[in-house]
Amino acid sequence: MTLVATFVSAHGQALLGEALLARLRDAAPAPARIERLDGEIAADLFAEADDARKLEAALRPALDGAPVDIIVQPAATRRKRLFLADMDSTMIGQECIDELAAYVGLKEKVSAITERAMRGELEFEPALRERVALLKGIPLAVVDEIIRERITLTPGGSALVRTMRAQGHYTALVSGGFTVFTGPIGRMIGFNEDRSNTLLSSGAALSGAVAEPILGKQAKLDTLVELRSRFGLPDEATLAVGDGANDLAMLGEAGLGAAYRAKPAVAAAADARLDHADLSALLYAQGYRGDEIVRD
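Quick notes on the rules
Residues numbered from 1 in each chain as written. Predicted model: local features only at pLDDT ≥ 70, side-chain atom pairs only at ≥ 80, totals over all residues. Heavy atoms only, no water. Helix = DSSP H or I, 4+ residues; strand = E, 2+ residues; numbered from the N terminus. Rg over C-alpha atoms; globule rule 2.2 N^0.38 Å. Buried < 20%, exposed > 50% of the residue type's maximum accessible area, 1.4 Å probe, protein only. Contact = heavy atoms within 4.5 Å. Lys, Arg positive; Asp, Glu negative; His and termini not counted. Charge placed at Lys NZ, Arg CZ, Asp CG, Glu CD. Axes fitted to C-alpha atoms, helices over the stretch in contact; angles between N-to-C directions. Parallel < 35°, antiparallel > 145°, perpendicular 65-115°, else oblique. Left-handed = near helix turned anticlockwise from the far one by under 90°. Nonpolar A, V, L, I, M, F, W, Y, C, P; charged D, E, K, R; others polar. Pairing = 2+ DSSP bridges. Right-handed = clockwise from strand over helix to strand, strands pointing away. Core = buried A, V, L, I, M, F, W, Y, C linked by side-chain atoms within 4.5 Å. Salt bridge = Lys/Arg side-chain N within 4 Å of Asp/Glu carboxyl O. Arc of directions from axis to C-beta.

Draft legend 1. Broad picture of the overall build of the protein chain. Broken down by element type, the protein chain carries 13 helices and 12 strands. The C-alpha atoms of the protein chain give a radius of gyration of 20 Å, which matches the 19 Å a tight globule of 296 residues would have. Across its three principal axes, the protein chain shows a C-alpha extent of roughly 65 × 40 × 35 Å. Classification of the 296 residues of the protein chain by burial places 53% in the buried group. Within the protein chain, counting contacts between residues at least 6 apart in sequence, those at least 24 apart form 67% of the total. With 33 positive and 42 negative side-chain charges, the protein chain shows a spacing of 1 Å between the two charge centroids.

Structural data, given as structure tokens:
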């Protein structure tokens, strides 16, 4: 079987010079072929091998600590037609619930619960209810201020979504967060649709409750299966990215499940992990070249 190992430099860097590519080629099973995707930013290595993880393990030492990510997969099925993404700490740099908590001086307390839930130390649903209860009384109008002043989009995310959509593929933002954020942020990035939880309100303020059932790990998995079936796609035509424990089932079901700056358990379980590159790495992983990417 032909596997392709895609190498992508850390965000803002061009690290794949001839010497590094030569080391990588020498570390791969012979014969191996290298093709550049975007100058010294991204490149592919094609090799005959049966096990993606073993090939990655053989190649990684040749990087000699360079901040370059490796994504290994079957070459024949690398192009994806359905993309699902987590939002908080994946498509954006923040956890929206923590930013809401900051408004009432509870960010440290809520962030600690968020971190434990994302590591899988707490069940997601009860942890979400506990955090939302602390938000009671916050004016709904604060959401617009948070999006405007505190939320930052993850580099490469909009290019990833817009490039896939330009090719006629479907993209969905699937979050354990809240519709008041996923709606405007999803439109900002360019997603076809967004799914998340609904914060309940009393008048113009949050009531401290969230609508049931809560969208968590199972709902993310169910969304992938539903959309895959709707579009009649094979398993391998799907791509998902996330960072927390509630993303694990979705990542495991996807043809390529990628962990972005993820918690250790998630990074270990995912097909690929992005520790250095921005989200456009998931375009290079599909074989897109630099001049095919729809830039912001």
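Draft legend 2. Just the packing of helix H4 (residues 96–103) against helix H5 (residues 107–118), in detail. Look at H4 against H5: their axes get within 8 Å of each other, and the N-to-C directions meet at 160°. Considered as vectors, H4 and H5 are oriented roughly antiparallel to each other. H5 is crossed by H4, and the crossing has right-handed handedness. Residue-level inspection shows Ile97, Asp98, Glu99, Ala101 and Ala102 of H4 in contact with H5, the latter providing Lys107, Val110, Ser111 and Thr114. Along the lines of polarity and charge, the residues of the contact of H4 with H5 split into 4 nonpolar, 2 polar and 3 charged.

Draft legend 3. Up close: the pairing of strand S7 (residues 193–197). Summarising the sheet, strand S6 (residues 170–178) and S7 pair through 4 bridges and their orientation is parallel. Each bridged residue has a counterpart across the sheet, and for Ala172 the counterpart in S7 is Glu193. Note on the crossover from S6 through helix H9 (residues 179–189) to S7: the handedness is right-handed.

Draft legend 4. Looking closely at the nonpolar core. Core analysis: the largest hydrophobic core is formed by 58 residues, its most contacted members being Phe83, Phe181 and Leu282. Excluding anything up to four places from it in sequence, Leu282 contacts Ile71, Leu160, Leu239, Val241, Ala258 and Leu274.

Draft legend 5. Quick look at the pattern of salt bridges. A complete count under the given rule lists 22 salt bridges for this structure. Salt bridges here are not isolated pairs; linked through shared partners, they connect Glu193, Arg195, Glu226 and Arg230.

Draft legend 6. The arrangement of the side chain of Asp44 in detail. In this structure, Asp44 sits in strand S3 (residues 42–48). Exposure remark for Asp44: the relative accessible area of 2% places this residue in the buried category. The residues touching Asp44, leaving out its near neighbours within four places in the chain, are Val4, Ala5, Thr6, Arg33, Ile34, Glu35, Leu37, Arg78 and Tyr284.

Draft legend 7. Region of interest: the packing of helix H8 (residues 157–166) against H9. For the pair H8 and H9, interaxial distance at closest approach is 8 Å and the crossing angle is 70°. Taken together, the axis directions place H8 and H9 in an arrangement best described as roughly perpendicular. Note on element contacts: H9 touches H8 through Arg187, Met188 and Ile189, opposite Gly157, Ser158, Val161 and Arg162. Of the residues assigned to the contact of H8 with H9, the class counts are 3 nonpolar, 2 polar and 2 charged.

Draft legend 8. Local environment of helix H7 (residues 142–149). Taken as a whole, H7 has its buried residues at Val142, Val143, Ile146 and Ile147. Projected down its long axis, H7 shows its buried positions confined to an angular sector of 135°, all on one face. Those residues of H7 that are exposed and aimed more than 90 degrees away from the buried face are Asp144, Arg148 and Glu149. Summarising the contacts, the buried residues of H7 are in contact with H4 and H9.

Draft legend 9. View of the pairing of strand S2 (residues 33–38). Bridge count between S2 and S3: 5 bridges; the pairing is antiparallel. Bridge assignment links Arg36 to a residue of S3, and that residue is Ala43. Counted along the chain from S2 to the antiparallel partner S3, the turn is 3 residues long, and its residue Gly39 has a positive phi close to 55°.

Draft legend 10. Main features of the sheet that holds S3. The strand order across the open sheet built from 4 strands is S2-S3-S1-S4, with neighbouring strands paired in antiparallel fashion. Looking at the sheet topology across the chains shown, the edges are occupied by S2 and strand S4 (68–74). Averaged over all adjacent pairs, the angle separating strand axes in this sheet is 20°, with direction ignored. As defined by bridge partners, strand S1 (residues 2–9) adjoins S4 across 7 bridges and the pair is classed as antiparallel.

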